[in-house]
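What follows is the residue order along each chain.
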Amino acid sequence: MFVEIKDTYNEEYFAVARHNMVYNQLVPNGINDERIIDLLLRIPRHKFIMSKWRNVAYSDSILPIWNTDLLANENRFIMPPFALARMLQDAEIDENSSVLDFGCNTGYSSITISNVAKKVTAVDTDRKLLKIGMSQELLSQAKDNVVFQVLDHFEKNSKGLEFDIIFINGIMNDIPKYIEDILVEGGRIILIERKNNLAKIVKWTKHNRNLFKDELLAVDADERLLVKTKRSMLY
């Protein structure tokens, strides 16, 4: 079913845009987890984007979080809805899952995950982005089970932590050793790898302290979605 989008940027417009995103982009391409469908219909993705591109937040595109004429060298991008939805579906998160959302940006993925997981730790290099996700308006979309942390603080205190699922919010070709160490036996790391100009969703599963790789699906992803693993100096 196609719903016509009105040429006015109000909440009704965005609600219709979410409907079109889900039923014209995601469901026809294999997103069938009803929990994910319900959340992506409900959570206001456009409010996690602080740029002139907010009005096309529900297009299946890589979009800048900040205005492109600001912080040009440090601009961050939100991944396309289909790639995110497919990663969430393939991660197989349930109500018993402790999840690390690594490179969470403004927290769209974190708040989505919080509604299906037991606990979410959302980590990013940039305090400014985390503050957006921690706003009262956006946190109201989450369950009371999500904690936001700056990456350097998380790294210093990661010893002894354990996660069932580590959700890498974008492209990471080389997983840091400490990330492997905090994944439980049988746990999963879901991410995008991009090699030889081809990007694929990849799931790593831990067995006998080793990671085993399962390549799942080619997706639209480029260097704009590289996940930062070092602290940003722009606070």
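To be clear, the structure that these remarks concern was listed above.
What comes next is a walk through the structure. These figures come from a predicted structure and were not determined experimentally.

### A closer look at the layout of surface pockets
Consideration 1: Space inside the largest pocket adds up to approximately 180 Å³.
Consideration 2: Lining the largest pocket are N75, R76, F77, G103, N105, N169, E223, R224, L225, L226, V227 and K228.
Consideration 3: Each residue belonging to the lining of the largest pocket can be placed in one class, and the counts come to 4 nonpolar, 4 polar and 4 charged.

### Comments concerning the sheet that holds strand β7 (residues 183-195)
Consideration 1: Read across the sheet, 7 strands follow the order β5-β4-β3-β6-β7-β8-β9 without closing on themselves; strand pairing throughout is mixed. Bordering the open sheet on either side are β5 (146-150) and β9 (210-218), each of which pairs with just one other strand. In this sheet, neighbouring strand axes are inclined to one another by 20° on average, regardless of whether the strands run parallel or antiparallel.
Consideration 2: Note that strand β4 (residues 119-124) and β5 share 5 bridges and pair parallel. Of the residues in β5, the one forming a bridge with T121 is V147.
Consideration 3: Running over the sheet, helix α3 (residues 81-91) touches β6 (163-171), β7, β8 (198-207) and β9 and is turned about 155° from β7.

### Brief notes about the side chain of T106
Consideration 1: Mapped onto the elements of the fold, T106 is located in the loop between β3 (98-102) and α4 (108-114).
Consideration 2: Judged by its relative accessible area of 1%, T106 is buried.
Consideration 3: Polar side-chain contacts of T106 include one of 2.9 Å to the backbone oxygen of F48.
Consideration 4: Excluding residues within four positions of it along the chain, T106 makes contact with F48, I65, L129, I132 and G133.

What counts as what
- Residues numbered from 1 in each chain as written.
- Predicted model: local features only at pLDDT ≥ 70, side-chain atom pairs only at ≥ 80, totals over all residues.
- Heavy atoms only, no water.
- 1 Å grid on protein atoms, 1.4 Å probe; cavity = no way out; pocket = protein on both sides within 12 Å on 5 of 7 lines; lining within 4 Å.
- Points joined across faces, edges and corners; volume = space filled by probe spheres on them.
- Nonpolar A, V, L, I, M, F, W, Y, C, P; charged D, E, K, R; others polar.
- Pairing = 2+ DSSP bridges.
- Helix = DSSP H or I, 4+ residues; strand = E, 2+ residues; numbered from the N terminus.
- Axes fitted to C-alpha atoms, helices over the stretch in contact; angles between N-to-C directions.
- Contact = heavy atoms within 4.5 Å.
- Buried < 20%, exposed > 50% of the residue type's maximum accessible area, 1.4 Å probe, protein only.
- Polar contact = N/O pair within 3.5 Å; in protein donor to acceptor, adjacent residues only side chain to side chain.

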